[in-house]
Every structure is written in C-alpha cells, then in structure tokens.
Amino acid sequence: MKQEIERVSRGESTAALWPVGDEMPGGFSAAFATRAMSAPGLPPLVDFARTGGDAAKQARDRLCEALGLPPGSLSFAKQIHSADVAVAGPGQNEASGFLPDADALISNAEGAALAVFTADCVPILMADPESGAMAAVHAGWRGMTSGVIENALAAMKREFGTNPQGVSARLGPCVGLCCYEVGGELLERLSDSDRKHLRPRETGGPRLDLDACCRTRLEAAGVNPKNVFSAGVCTKCRPNLFASYRGRAGGLNISIILKRPHHGGAQCLK
Ligand SMILES: [Zn+2]
C-alpha cells in the first residue's frame, strides 16, 4: 500500500490527504485530510474542528475548495460518542440545516459530502456502488462498543437497500496499538471479538488495536474483508500530520466521503 501523502489542489488551496487503500468504486471518493493544508490565510498546521470557530471553518472551506466542493457543502452532525445514525442531505450541518446528534451519517444523495471529525477515534468511510449509499462513521471505543458500525450498515440496508457484501470501507488515521493503553470501563465493554485485539503487557494496562476491532466488526456484519483498507498510521505518533486527543497536537481531524454529481464522466480527486 502506498503511504505517501497525496496532494490535491484547486484554486489557491492545497490539501494533503493520507491515502487509504484503492480508489473507492462507483464514483465515490474518500478523503482523509492531514493538518498540513496550504492556502492563503491558513497556518501551516490547521484544525478542522466543528466547533473551532472561524479559523477551523476557513480550513474546512479551503479543504472543500481543494476537493472541488462548494464552501459550506459538508454534512456533519454533532458527535456524542453514541451509536446513533442520521440520514443527511447535501450541506446539512449545524450551520445550514437541522441534523440530529449522531455518530454516523448516511446518504445516497449525489453531491453530498459526509464529514466525520476524530482525534484518535477511527473515522470509517463506507460506500456501496450497487445501492449508491455511503456512510461516515465516528468509531471511538464508546461508539464502537455501543454498535455504531453495525447500526450504520443496518441503516444503509434499511434506508437504501444496501447489501453489506458490496460495501467498500476505508478506516482512517487513528490511535495505534503502539499508543493505545486501555483500562477501566472500556475493558468491561469490549465484546469477545474486540478482546482478541488486546495485547497484554508486563507493566501497565493492556493495549488495544482499535482499528482491528473495527475491521472485525465490519467483517462480522457482512462486509467483505477484501474491500476494507486501513490507514496504518497512528495519530498520536504523527503530531505534524494529525490531531490527537492523547498526543500534543490538539484539534480535530476531518474525513470526508463524497459522491460526485453525475456529469457524464466521473470527476477524479487527483
Ligand atoms: Zn502511536
């Protein structure tokens, strides 16, 4: 798997994306933005936080420009570490339209761009070319153990007729096994399949491979592992690229899945 940063430019904005797996099928694009954006008025390392004020909004708008999206076109919800799923239309977010609190958004609308914010939790972007549905999921340990991944797939099936077997999934940058020491309530809430991804240590608490837990859950829910790819990078270990709750780089990362309007030819991100 290639691991170089991928640069995407339009106008005066350049986004630096972390590549995850193959290109998404069916006219979908998955973008995992790093903090290393470049545009007039932006600091060298940006924060995309939903609640980060004007600077974060400007970073999001510049990211949209680099991706070829109109400013303000992202759909995102207030995330509350739940297992709740909401159906989102294009541009529905706190600023432009009502969207309930949720940790997974799903849509089948052309022109929609679903965003999810993370800092160590796993951003999961999914698409099904057959039903035309997509999802952006915020999977931290709380949401994951509450079933947010399974709920998102069930909602895609219910709302859009998605068969999990056709779903392609991309798991973005998150805290790695290297840095994720766990204990307390988290340990109690892990499922049997999650527990297989615990790594005990001689001193200190065990470590957990959160990405692997999510992959196992996707597979158990019917997603073909051949269509699942992970970023393979730890947010805490790379503060010059990613925000990390546990590390010294504050703020939030953003991951976006979008479905291009059909112009009689798929528009590529590159
Ligand atoms: Zn690490």
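Residues numbered from 1 in each chain as written. Predicted model: local features only at pLDDT ≥ 70, side-chain atom pairs only at ≥ 80, totals over all residues.

Points about the overall build of the chain
A tally of regular secondary structure across the chain gives six helices and 14 strands. Taking 270 residues into account, the globule formula puts the C-alpha radius of gyration at 18 Å, and the chain, at 17 Å, falls close to it. C-alpha extents for the chain along the principal axes are approximately 55 × 40 × 35 Å. Within the span of the chain, comprising 270 residues, buried residues form 47% of the whole. Across the chain, contacts joining residues at least 24 apart in sequence account for 63% of those joining residues at least 6 apart. (Helix = DSSP H or I, 4+ residues; strand = E, 2+ residues; numbered from the N terminus. Rg over C-alpha atoms; globule rule 2.2 N^0.38 Å. Buried ≥ 20, exposed ≤ 12 C-beta atoms within 10 Å, placed from the backbone. Contact = placed C-beta atoms within 7 Å.)

What to know about the sheet that holds strand 13 (residues 228–230)
The six strands lie next to each other as 5-6-9-8-10-13, forming an open sheet whose pairing is mixed. At either margin of the open sheet sits one strand with a lone partner, and together these are strand 5 (85–87) and strand 13. The average undirected angle you get between the axes of adjacent strands in this sheet is 15 degrees. (Pairing = 2+ DSSP bridges. Axes fitted to C-alpha atoms, helices over the stretch in contact; angles between N-to-C directions.)

Some points on the sheet that holds strand 7 (residues 113–118)
Taken in spatial order, the four strands of this open sheet run 3-14-7-4, and their pairing is mixed. Taken across any chain shown, the strands that pair with only one partner, and hence form the sheet edges, are strand 3 (28–32) and strand 4 (74–75). Of the pairings in the sheet, the one linking strand 7 to strand 14 (residues 253–259) comprises six bridges and is antiparallel in character. Bridge pairing in strand 14 links Ala-115 to Ile-256.

Observations regarding the pairing of strand 3
Of all five residues in strand 3, five are buried; the element is thus mostly enclosed. Residues Phe-28, Ala-30 and Phe-32 line one face of strand 3 and the alternating positions Ser-29 and Ala-31 line the opposite face, and both faces are buried. As paired strands, strand 3 and strand 14 are joined by five bridges and run antiparallel to one another. By the bridge assignment for strand 14, Ala-30 is matched with Ile-257.

A closer look at the confidence of the model for the chain
This prediction gives the chain a mean pLDDT of 92; 96% of its residues lie at or above 70. Here residues 264–268 is a poorly scored stretch, pLDDT under 50, and it has four contacts once near neighbours within four places are set aside; other chains count. (pLDDT = per-residue confidence, 0-100.)

Examining the environment of Phe-48
Along the chain, Phe-48 falls in the loop between strand 3 and helix 1 (53–67). On the basis of neighbour counts, which here come to 26 C-beta atoms within 10 Å, the residue Phe-48 falls in the buried class. Here the alpha-carbon distance between Phe-48 and Ala-243, two residues 195 residues apart in the chain, equals 9.3 Å. Here Phe-48 is in contact with Ala-33, Ala-56, Ala-59, Arg-60, Phe-117, Leu-252, Asn-253 and Ile-254, once residues within four sequence places are set aside.

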